[in-house]
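Spelled out, the chains give:
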Amino acid sequence: MNPAAPSNSFTHALYRKAEIRAIEAAAIADLPAGELMRAAGKAASELVQTKFTPRDGAILILAGPGDNGGDALETGQLLAARGYTVDIALCADSLLYSAAANLSLQQARASRATFISLEQILENQAPAYALVIDGLFGIGLSRAITADSVFGQLIQHINQLAEKFAIPILALDVPSGLDADTGQVIGPQGVAIEANTTLSFIADKVGLHTAAGRDYAGRVLIDSLGVADNHFPPPSGILSHAAMFAGLLPARRLDSHKGSYGEVMVIGGAHGMMGAAILAASAALYCGAGRVYVGFIDAAPAYDAQHPELMCRMAAELDFSKACVVIGPGLGNSELTASLLARALQQAPYVVIDADALNLIASSAPLRALLLARSQSLKSSIMTPHPLEAARLLGISTAQVQADRWQAALDLASQFQATIILKGAGSIIATSQQPLCINTSGNPALASGGTGDVLAGVCGALLAQQMAANDAARMAVWLHGCAADQLVEHACDAIGLTASELIPAIRNCLNQQQKKHSKPQRFQPLSK
Ligand SMILES: NC(=O)C1=CN([C@@H]2O[C@H](COP(=O)(O)OP(=O)(O)OC[C@H]3O[C@@H](n4cnc5c(N)ncnc54)[C@H](OP(=O)(O)O)[C@@H]3O)[C@@H](O)[C@H]2O)[C@@H](O)CC1
Ligand SMILES: [K+]
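Here the residue numbering is sequential within each chain, running from 1 through the sequence in written order. Labels are handed out in written order, letters beginning with A for the chains and numbers beginning with 1 for the ligands. For a predicted model such as this one, the threshold for reporting local features is a pLDDT of at least 70, and the threshold for listing and counting side-chain atom pairs is 80 or more; totals across whole chains, interfaces and linings nevertheless cover every residue. Hydrogens and water molecules were not included; the side-chain quantities draw on all heavy atoms of the structure.

With an unreviewed UniProt entry as reference, the protein is termed Bifunctional NAD(P)H-hydrate repair enzyme, source organism Undibacterium parvum.

(A) Looking closely at the domain arrangement of the protein. Domain boundaries assigned for the protein yield domain 1 (8-236) and domain 2 (242-250 + 257-517). A domain assignment, automatic or from a database, supplies the domain bounds used here. Centre-to-centre, using C-alpha coordinates, domain 1 lies 39 Å away from domain 2. In what follows, a contact means two residues having at least one pair of non-hydrogen atoms within 4.5 Å. Listed by partner, the interface residues are 11 residues for domain 1 and 15 residues for domain 2. Any carboxyl oxygen of Asp or Glu within 4 Å of a side-chain nitrogen of Lys or Arg constitutes a salt bridge here. For the pair domain 1 and domain 2, the interface holds one salt bridge. Here aspartate 404 makes a salt bridge to arginine 16, at a shortest N to O gap of 3.2 Å. Pairing of N or O atoms within 3.5 Å defines a polar contact, subject to two protein rules: one partner must be a possible hydrogen donor and the other a possible acceptor, and residues neighboring in sequence count only if both atoms are side-chain atoms. Between domain 1 and domain 2 we count eight residue pairs in polar contact (both at pLDDT 80 or more) in total. Residues were grouped as follows: Ala, Val, Leu, Ile, Met, Phe, Trp, Tyr, Cys and Pro as nonpolar; Asp, Glu, Lys and Arg as charged; and all remaining residues, including Gly, as polar. Of the residues that constitute the side of domain 1 that touches domain 2, the class distribution is four nonpolar, five polar and two charged.

(B) Here's a closer look at the packing of aromatic side chains. Think of it this way: a Phe, Tyr or Trp ring, Trp meaning its six-membered ring, pairs with another when their centres are within 6.5 Å, and the plane angle makes it stacked under 30 degrees, edge-to-face over 60, tilted otherwise. According to the stated counting rule, one finds three aromatic pairs in the structure shown. Ring centres of tyrosine 15 and phenylalanine 232 lie 6.2 Å apart, and the angle between their planes is 55 degrees; this geometry places the pair in the tilted category. Separated by 217 residues along the polypeptide, tyrosine 15 in strand β1 (residues 13-15) and phenylalanine 232 in the loop between β9 (219-223) and β10 (237-239) bring together distant segments of the chain. For the pair tyrosine 15 and phenylalanine 232, one class covers both residues: buried. Aromatic pair phenylalanine 137 and phenylalanine 151: ring centres 4.9 Å apart, planes at 70 degrees, arrangement edge-to-face. Counting from the N terminus, the helices are the DSSP runs of H or I reaching at least four residues and the strands are the DSSP runs of E reaching at least two. Think of it in three bands: residues with accessible area under 20% of the maximum for their type are buried, residues over 50% are exposed, and the middle band is partly exposed, with areas taken using a 1.4 Å probe on protein chains only.

(C) Geometry of the site of ligand 1. Residues are counted as near a molecule or strand when any one of their heavy atoms sits within 4 Å of it. Taken together, 23 residues lie around ligand 1, and Asp67, Asn68, Asp71, Gly138 and Asp173 are the ones closest in. Backbone polar atom of glycine 138 to an oxygen atom of ligand 1: 2.6 Å apart, as the coordinates give it. In the model, a nitrogen atom of ligand 1 is placed 2.9 Å from a nitrogen or oxygen of the arginine 143 main chain. Accessible areas in this description were obtained via Shrake-Rupley with a 1.4 Å probe; residue shielding takes into account the shown protein chains only. Starting from 930 Å² of accessible surface for ligand 1 in isolation, the protein chains cover 77%. Only α1 (17-30), α2 (35-52) and α3 (67-81) provide two or more residues apiece to the shell around ligand 1.

(D) Molecular detail of the sheet that holds strand β17 (residues 419-422). On the basis of which strands lie adjacent, the open sheet formed by 12 strands has the order β8-β1-β10-β19-β18-β17-β16-β15-β14-β11-β12-β13 and mixed pairing. Edge strands, defined here as strands with exactly one partner in the open sheet, are β8 (204-205) and β13 (311-314). A pair of strands is labelled paired if DSSP reports no fewer than 2 bridges between them. Where strand β16 (residues 380-383) lies against β17, two bridges are found, and the strand directions are parallel. Within β17, the position partnered with isoleucine 382 by the bridge is threonine 419. The sheet strands contacting α1 are β1 and β8, and the helix crosses β1 at an angle near 100 degrees. Between N-to-C directions, angles span 0 to 180 degrees; the directions come from axes that are lines fitted to C-alpha atoms, helices contributing only their stretch in contact. Where helix α11 (residues 365-376) meets the sheet, its contacts fall on β15 (350-353) and β16, and the angle it forms with β16 comes to roughly 135 degrees.

(E) Examining the UniProt feature "binding site: K(+)" (unreviewed entry) in the protein more closely. Mapped onto this numbering, the UniProt entry annotates "binding site: K(+)" (unreviewed entry) at Asn68, Asp134 and Ser176. In sequence the annotated residues extend across 109 residues, while in space they remain close, none of their C-alpha pairs exceeding 9.4 Å. Considering the arrangement of structural elements, one finds asparagine 68 in helix α3. Take asparagine 68: its relative accessible area is 8%, and that puts it in the buried class. In this view, asparagine 68 contacts Asp134, Gly135, Leu136, Phe137, Gly138, Leu172 and Asp173; residues no more than four positions away in its chain are not counted. UniProt positions are given in the numbering used here, feature names are shortened, and annotations may be inferred rather than shown by experiment.

(F) Expanded view of the coordination of the potassium ion (ligand 2). With water omitted from the atoms examined, metal sites may look incomplete; donors here are N, O and S atoms no farther than 2.8 Å from the metal, or 3.2 Å in the case of Na, K and Ca. Taken together, the protein ligands of the potassium ion (ligand 2) are Asn68 (OD1), Asp134 (O), Asp134 (OD), Phe137 (O), Leu172 (O), Val174 (O) and Ser176 (OG), with distances of 2.6 to 3.2 Å. All donors of the potassium ion (ligand 2) belong to a single chain; written as a sequence motif, their spacing is N-x65-D-x2-F-x34-L-x1-V-x1-S. In this pair, asparagine 68 sits in helix α3 while valine 174 sits in the loop between β6 (169-172) and β7 (197-201), placing the two residues 106 residues apart along the sequence.

(G) Representation of helix α6 (residues 150-165) within the structure. A rise of 1.5 Å per residue sets the reference length of α6, with its 16 residues, at 22 Å; its end C-alpha atoms lie 22 Å apart and thus fit the reference within 8%. Packing partners of the buried residues in α6 comprise β2 (58-63), α5 (118-123), β5 (129-135) and β6. Just beyond α6, the residue with positive phi is alanine 166, at close to 50 degrees. Here a helix's expected span is defined as the number of its residues, less one, multiplied by 1.5 Å.

(H) Region of interest: the side chain of lysine 205. With respect to the helices and strands, the residue lysine 205 is situated in strand β8. With a relative accessible area of 1%, lysine 205 lands in the buried category. Ignoring any residue separated from it by four or fewer positions in sequence, one finds lysine 205 in contact with Leu14, Tyr15, Ile20, Ile139, Asp173, Val174, Ala180 and Ser200.

(I) Highlighting the sheet that holds β9. Strand order in the open sheet formed by seven strands is β4-β3-β2-β5-β6-β7-β9, and the pairing between neighbours is parallel. The sheet is open, and its two edges are formed by β4 (114-116) and β9, each paired on a single side. With direction set aside, neighbouring strand axes in the sheet form an average angle of 20 degrees. As judged from the five bridges shared by β2 and strand β3 (residues 86-90), these two strands associate in the parallel manner. Paired with leucine 62 across the bridge in β3 is alanine 89.

Structural data, given as structure tokens:
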């Protein structure tokens, strides 16, 4: 295999379909005809040999009407040549095949593979298949595969058999039915292959990592097909990974004090929602902010018994001029909250705008103007919308946001001139002029109340410690997801994770990350 395309700097690169097409076109000009399809078949067949090794059962290959089908046929003939039992379902009019796909078809016909009909597959309720390889559609899918169409019935049947008999599905390039740009199944009645593994070609694709993409693609592997580095433009997006956060938070100097690590003021916690502000503030505390205030809206408790370090005040009393203001958790919507938000936007050098504060901005032109003015005075702003909040900000529906999360994140970043965290499966972090970033950590255990407040607090702590907004947003989302992953693995499993538990786990992840990249200690303890 040609591991992830094509050099280290691109290992985590993400491209959209049009960019992949351009890379493919440039590469094809340099290569003998059919070379990329041969490379795709080689990569897939080697992967089957090394990772799946289903010697004791047949492999079912689904070959569709385009070059994705050609990749599948190439894979099938190579596996047949290596002694595997291969059944091929040709779901295409071969007269419409490209020259490369036609050559692969001829070789597959000449191989020991058996060609079977769609009817044979659809009638088969208890197959002995050890693996299904999905080569129905790739990046050429142009419309929905509806549930009642022949392809739709085939896909549903394969998904059901795979689930019932625990048959792994390897998707070639993209799980068929999924849009490689958006991570959504195309069409309201559309269906898609639910793969365990997706071997994607040339470069990684946005849609495999956000929205429903992660559920449909399973584990994603990339093979560059040997396309030369010079054909790859700078990526429009990247996947987050641990190494990108190395050194972002400088090691703490011995000669430092609480004033060295910034001041976070969480503004929110209106009546009945005080916990939201306390969660955000505790997260800021656990992520190293020097001083953390909670500015309550209606009434302030004397102190928080669980975290007496938090300084509880009335929001109106606080001076925002040197602080990182995290505004929104449990804020509510009133004249007072709008005026607090206006003051934060005008005065605070750093703001994190979350929850109700996002809704206030969505409904107020003057607040929008204040937010835009911040970018001109080089003040940092992070906004943390979930899809419904994003929809309100953009004046579109939630379904429209989810239909193309990548574009929605870009639109938010350019309209509000802020760093955007568009939350949801495969959270997207966007800042104008920078590649977008899709977060790779986290799991559905995070789908519980208060975890968003915690995220806002982590963003606040990192900003207060002088991290650039884009770095702070990327790192906060990554830490938040890593903490959930660690908890699910070692402590509580997937159900019932609480936002409060997340906070010390985020601290662990942050310190682990710092230790990995810190300088050696000056003094080692003397051994006894
Ligand atoms: N070129 C190369 O060298 C390389 C290509 N590579 C591989 O090729 C893949 C892209 O190939 P591709 O462009 O042929 O598109 P692909 O996804 O196979 O299908 C298009 C066909 O599907 C049809 N169709 C679409 N929607 C449909 C629907 N809902 N229901 C029914 N039919 C539908 C569409 O018909 P049409 O829309 O024209 O009517 C057309 O016939 C890429 O993902 C990668 O795997 C890589 O190996 C690198 C080297
Ligand atoms: K496919």
